[in-house]
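Commentary on secondary and tertiary structure
Take a look at the letters that make up each chain.
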Amino acid sequence: MDFDGNVQAFLQLEKGKGTASVVQRDGGHARKHRICIWSTFPGDHTWVYMPFYATLVAGFSAYHNAELLVVDQRSLNSSDQLAEMSATVEQLGLQNGDMFIWIGNVYAGLEQVPWAAMYDKGVHTVYVQTEPVGDCLPVKDVMVREIWDYSFKNIEKCRNEGREAEVKGQDTWPTLRFVPSGFLQGWKQANHSRSWPPPTFFGSANSRPCFNAVQATFGNQIQVNNDVWNQLQFDTFIDSPTIFIDIPKFCESGSPIAISRLTLLLSAGAHIITMNSNPDDQKNFEGLVTFVP
């Protein structure tokens, strides 16, 4: 599926366009269903969620009645936007048949989402988990109808939490779905002009206690780049020949794969070496990523 058009629509968010209605066609007199796909990220760095946005919009675009959908993408990155979120949602008049999807676990945004109010109105509320660790539910004691996760390991963890909640007589647990970010067509391709390029870690080395040991095995040659926060920076970054070294948070073998980061790199045809992951997650990347103990 070609995600390029959806990527370009998302990039309008970087240019100050707060909302992009992508799937919006003439559907006659039938009521259109609004699909809100919203998120926030510190420092106006919502671009890190772009693979999830692009994947979800592509999926809704392929729906057989897509002409009845209005996909509303928003990046709420100011304190005023977050504080006014309940009022903004109320103005939209969301109701049964509409969907509200929140991407990411940034608490400053999660605590402002009017989960309970939307749930009571019949809005299909969805929380998209983007991290390898953390609480299954986005906000304590607030139920969403579904949790979409990129990792089978996370899903198993949440399924176990659901069983425990059921034993305690708590409310019905959300439906769990495996929804990873997908391949991005039309992506700028990595530069493979050097036979033995220096290795690079893409992201922050914090929360990775084994990083210094891994660095030593590579003769202290690993470059760390945590300054890629938009499309232009990524295109410049991927043009430098390198092999990517990926290390999971806390250096735990069997951790979920960092799918958002790997989606960007694999779509660019990059070469990646990473620690062994959860077996159920790892098998989806066999032949695409080099796994090591």
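Look up a bit, the structure's there.
How each quantity is defined
Residues numbered from 1 in each chain as written. Predicted model: local features only at pLDDT ≥ 70, side-chain atom pairs only at ≥ 80, totals over all residues. Heavy atoms only, no water. Helix = DSSP H or I, 4+ residues; strand = E, 2+ residues; numbered from the N terminus. Expected span 1.5 Å × (residues − 1). Buried < 20%, exposed > 50% of the residue type's maximum accessible area, 1.4 Å probe, protein only. Pairing = 2+ DSSP bridges. Axes fitted to C-alpha atoms, helices over the stretch in contact; angles between N-to-C directions. Contact = heavy atoms within 4.5 Å. Salt bridge = Lys/Arg side-chain N within 4 Å of Asp/Glu carboxyl O.

**Points about helix α2 (residues 50-61)**
Taking 1.5 Å of rise per residue, 12 residues should cover 16 Å, and α2 covers 16 Å from first to last C-alpha, within 8% of that figure. Of all 12 residues in α2, 10 are buried, a share of seventy percent or more. What α2 keeps buried is the set M50, P51, F52, Y53, A54, T55, L56, V57, A58 and F60.

**Thoughts on the sheet that holds strand β11 (residues 272-275)**
A sheet is described by the order of its strands in space; here five strands give the open sequence β9-β8-β10-β11-β12, paired in parallel fashion. With partners counted over all chains shown, the strands left at the sheet margins are β9 (223-225) and β12 (290-292), one partner each. Going from strand to strand, the sheet's axes swing by 30 degrees on average, the running direction of each strand aside. Packing against the sheet, helix α9 (residues 231-238) makes contact with β8 (199-202), β9 and β10 (243-246), and its axis sits at approximately 160 degrees to β8.

**Brief notes about the pattern of salt bridges**
Summed over all chains, the structure comprises 10 salt bridges. We note a salt bridge from D72 to R34, for which the minimum N-O separation is 2.8 Å. Taken together, the residues span a long stretch of sequence, with D72 in strand β3 (residues 69-75) and R34 in strand β2 (residues 33-39) at a distance of 38 residues. Assessed through its relative accessible area of 25%, R34 is described here as partly exposed. Ionic contacts of the salt-bridge type, sharing partners, join the residues R34, D72 and R74 into one network.

**Let's talk about the pairing of strand β6 (residues 146-149)**
Every second residue of β6 is oriented toward a common face, with E146 and W148 on one face and I147 and D149 on the other, all of them buried. Where strand β5 (residues 124-129) and β6 come together, four bridges link them in parallel fashion. Looking at β6, one finds that V128 is bridged to W148. Both β6 and strand β7 (residues 175-178) contribute to a ladder of four bridges, which runs parallel. Looking at the pairing, W148 lines up with R177 of β7.

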